[in-house]
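# Examining the three-dimensional arrangement
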Amino acid sequence: MLTDIMYVTVYVTDQERALEFYAGRLGLEKRVDYPGPDGRFLTVAVPGSPLEIILWPHAPAAGQPAGRESGAAAPGPLLIESDDLRADFEVLRERGVVFEQPEPEDYGFGVRTETADPDGNRVSLRQRAAWQGGGKA
């Protein structure tokens, strides 16, 4: 029986630069950094979460999301949850994270904002609406 999701993969061209973004700016923790025979196996995760993100080396444009059509919001390959996105937004902006919007926006399921890692992989930050049991939305 399947029990959990262990990893998701984000393709990056420079693992050190990606690590600086995900750990240094977003505040995720480095979990595994193993220089294996198939290349460096590098993971980060939200503190306390069992799900790890593999920062896997790959050529540019690999794993990039399709372009937006007529302004439609397309989530990134990563959706990271916050219990207070407006407060986290300010902290992350002070750390140098550049967001697509000047402020988080309310939408039907809570609050959202978008950013991208150095390779252009979209990262969606979300706070669930109060009706979903998601805090201050």
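Above this text sits the structure in question.
Residues numbered from 1 in each chain as written. Predicted model: local features only at pLDDT ≥ 70, side-chain atom pairs only at ≥ 80, totals over all residues. Heavy atoms only, no water.

Let us look at the sheet that holds strand β4 (residues 52–57). Strand order in the open sheet formed by four strands is β1-β4-β3-β2, with mixed pairing between adjacent strands. Each end of this open sheet is capped by a strand with a single partner; those strands are β1 (7–12) and β2 (29–36). The sheet shows a mean angle of 25° between the axes of neighbouring strands, taken without regard to direction. Together, β1, β2, β3 (39–45) and β4 form the strand contacts of helix α1 (residues 15–25), whose direction differs from that of β3 by roughly 10°. (Pairing = 2+ DSSP bridges. Helix = DSSP H or I, 4+ residues; strand = E, 2+ residues; numbered from the N terminus. Axes fitted to C-alpha atoms, helices over the stretch in contact; angles between N-to-C directions. Contact = heavy atoms within 4.5 Å.)

Next up on the list: the layout of surface pockets. By volume, the largest pocket is sized at about 350 Å³. Residue lining of the largest pocket: 16 residues in total, with L51, L78, L79, I80 and E81 positioned closest to the centre. Put simply, the parts of the chain that give the lining of the largest pocket at least two residues each are β5 (78–81) and β8 (122–128). With four residues, β5 is the single largest residue contributor to the lining of the largest pocket. The residue inventory of the lining of the largest pocket, partitioned by class, reads ten nonpolar, three polar and three charged. Empty space within the second largest pocket amounts to approximately 250 Å³. In terms of lining, the second largest pocket is formed by 15 residues, of which the most central are L26, I80, E81, D88 and L92. Elements with a minimum of two residues in the lining of the second largest pocket: β5 and α2 (85–94). Per-element accounting of the lining of the second largest pocket gives the leading share, four residues, to α2. Its residues assigned to classes, the lining of the second largest pocket shows nine nonpolar, two polar and four charged. (1 Å grid on protein atoms, 1.4 Å probe; cavity = no way out; pocket = protein on both sides within 12 Å on 5 of 7 lines; lining within 4 Å. Points joined across faces, edges and corners; volume = space filled by probe spheres on them. Nonpolar A, V, L, I, M, F, W, Y, C, P; charged D, E, K, R; others polar.)

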